[in-house]
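A closer look at the structure
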Amino acid sequence: MSKLVTVLTAVHGPGAHHLPDAYKSLLSQDLPDGWDWEWVIQQDGETDDVSPHVPDDPRVKFGQGRAGRAAMARTLGLSRAQGDYIKVLDADDMLTPGALARDLTALLSNPGVSWATSRVLDYLPDGSTLGFDQDPPEGVIHRGAVLDHWKAHDYRAQVHPATLFMRRDLLLALGGWMALPASEDTGLLLALNAVSRGWFTAETGLLYRKWPGQVTNHAAHVDQGEREARMAVIEARASVLASLEGWRFNTD
């Protein structure tokens, strides 16, 4: 039986039409011998507007649940994940060829590394791409490094949480994604970095689609009061995890 990587996607109706592009990007993935992937798609809600876009593939597992935003959907989807490793893929994004293999190899080849991220390119409506100018060098990301950068750069991390690849047992130990209306993936990224080393791959691993309907374009996402509350609890959680004696996950 193949060893398994679970690709986990939360989706709601407005973004469902992008699922076929995400699926095509999955079909471009080549994993090492003995490994395969499954795709767990979890709808945030129980409407009928997502299922028509779900590919007919035995490796694809589609489920629905009460609407509660991305953090709840991902955590519900996690209940059906069979892989030892979890790869996040937002419904409107696309993996680049080889991204899964690079993530997996980073963890298998570097003892003590429990999660990985990679370079991202924004994928603009006209088909052009735009890079990020603060990528770290390829290699190990030491405990606390993401939190330090995030606090010093107006709550913007040097690595993108939409590219996260992580050990399933560590993800479960941390309780999945933070129960926040947004930035739930940033909260998870900082929690992972508080207790374990990570890895950054300099080769582009994700095309991050920019389009008018994405959640981060909504006015509520930049509401100053809510943003300050999200950042405060994310920082507090990461700081507490970092301070707990014995709460280390194969660290240096």
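Please refer to the structure placed before this passage.
A few points on the structure. (Residues numbered from 1 in each chain as written. Predicted model: local features only at pLDDT ≥ 70, side-chain atom pairs only at ≥ 80, totals over all residues. Heavy atoms only, no water.)

Structural notes on the overall build of the chain
- Tallying secondary structure elements over the chain gives seven helices and ten strands in all.
- At 17 Å, the chain has a C-alpha radius of gyration in line with the 18 Å of a compact globule built from 252 residues.
- On the principal axes, the C-alpha backbone points of the chain span a range of 45 × 45 × 35 Å.
- By residue count, 54% of the 252 residues in the chain fall in the buried class. (Helix = DSSP H or I, 4+ residues; strand = E, 2+ residues; numbered from the N terminus. Rg over C-alpha atoms; globule rule 2.2 N^0.38 Å. Buried < 20%, exposed > 50% of the residue type's maximum accessible area, 1.4 Å probe, protein only.)

What about helix H2 (residues 70-78)?
- Looking at H2, one finds that the buried residues are Ala 71, Ala 73, Arg 74, Gly 77 and Leu 78. Along the long axis of H2, the arc covered by the buried residues comes to 165°, so they all point the same way.
- Those residues of H2 that are buried are in contact with strand S1 (3-11), strand S2 (35-44), strand S4 (85-88), helix H5 (168-173) and helix H6 (184-195). (Arc of directions from axis to C-beta. Contact = heavy atoms within 4.5 Å.)

Quick notes on the pattern of salt bridges
- Taken as a whole, this structure holds twelve salt bridges when the rule is applied.
- Members of the salt-bridge network, linked through shared partners, are Arg 74, Asp 90 and Glu 184. (Salt bridge = Lys/Arg side-chain N within 4 Å of Asp/Glu carboxyl O.)

A few points about the packing of H6 against helix H7 (residues 224-243)
- Where H6 contacts H7, the two axes come as close as 8 Å, and the packing angle between them is 15°. As summarised for this structure, H6 and H7 are arranged roughly parallel, according to the angle between their axes. Relative to H7, the crossing made by H6 is right-handed. Seen from H6, the contacting residues are Thr 186, Gly 187, Leu 188, Leu 190, Ala 191, Ala 194 and Val 195; seen from H7, they are Ile 234, Arg 237, Ala 238, Leu 241 and Ala 242.
- A per-class count over the contact of H6 with H7 returns nine nonpolar, two polar and one charged. (Axes fitted to C-alpha atoms, helices over the stretch in contact; angles between N-to-C directions. Parallel < 35°, antiparallel > 145°, perpendicular 65-115°, else oblique. Left-handed = near helix turned anticlockwise from the far one by under 90°. Nonpolar A, V, L, I, M, F, W, Y, C, P; charged D, E, K, R; others polar.)

Side note on H6
- The terminal C-alpha atoms of H6 lie 17 Å apart, and with twelve residues this matches the ideal 16 Å at 1.5 Å per residue to within 8%.
- Of all twelve residues that make up H6, twelve are buried, and the element is covered over most of its length.
- When H6 is considered as a whole, its buried residues turn out to be Glu 184, Asp 185, Thr 186, Gly 187, Leu 188, Leu 189, Leu 190, Ala 191, Leu 192, Asn 193, Ala 194 and Val 195. (Expected span 1.5 Å × (residues − 1).)

Concerning the packing of aromatic side chains
- Enumeration according to the criterion identifies four aromatic pairs in this entry.
- Taking 6.2 Å as the distance between ring centres and 5° as the angle between the ring planes, the aromatic pair formed by Tyr 23 and Trp 39 counts as stacked. Of the two residues, Tyr 23 sits in helix H1 (residues 19-27) while Trp 39 sits in strand S2, which places them 16 residues apart along the sequence.
- On the basis of relative accessible area, Trp 39 is assigned to the buried category, the value being 0%.
- Note on Tyr 85 and Phe 165: the rings are 5.6 Å apart at their centroids and 15° apart in plane angle, and the pair reads as stacked. Remark: Phe 165 occurs in strand S9 (residues 165-167) and Tyr 85 occurs in strand S4; sequence separation between them is 80 residues. Across the pair, exposure class does not vary: Tyr 85 and Phe 165 are buried alike.
- Aromatic ring contacts, followed pair by pair, group Trp 35, Tyr 85 and Phe 165 into a single cluster. (Phe/Tyr/Trp six-rings, centres within 6.5 Å; stacked < 30°, edge-to-face > 60°.)

Digging into the environment of Val 113
- Mapping Val 113 onto the fold places it in strand S6 (residues 113-123).
- On the accessibility criterion, Val 113 (5% relative accessible area) is buried.
- Taking the C-alpha atoms as reference points, Val 113 and Leu 190, 77 residues apart in sequence, are found 15 Å from one another.

Observations regarding the packing of helix H4 (residues 145-152) against H6
- At a closest axis distance of 7 Å, the pairing of H4 and H6 adopts a crossing angle of 135°. One finds that H4 runs oblique with respect to H6. Where H4 abuts H6, its residues Ala 145, Val 146, Leu 147 and Trp 150 lie against Thr 186, Leu 189, Leu 190 and Asn 193.
- Here the residues of the contact of H4 with H6 sort into six nonpolar, two polar and no charged.

Observations regarding the pairing of S2
- Along S2, nine of the ten residues are buried, which leaves the element largely enclosed by surrounding structure.
- Pairing of S1 with S2, which is carried by nine bridges, proceeds in the parallel orientation. Counterpart to Ala 10 in the pairing with S2 is Gln 42.
- Viewed along the sheet, the connection from S1 through H1 into S2 turns out right-handed. (Pairing = 2+ DSSP bridges. Right-handed = clockwise from strand over helix to strand, strands pointing away.)

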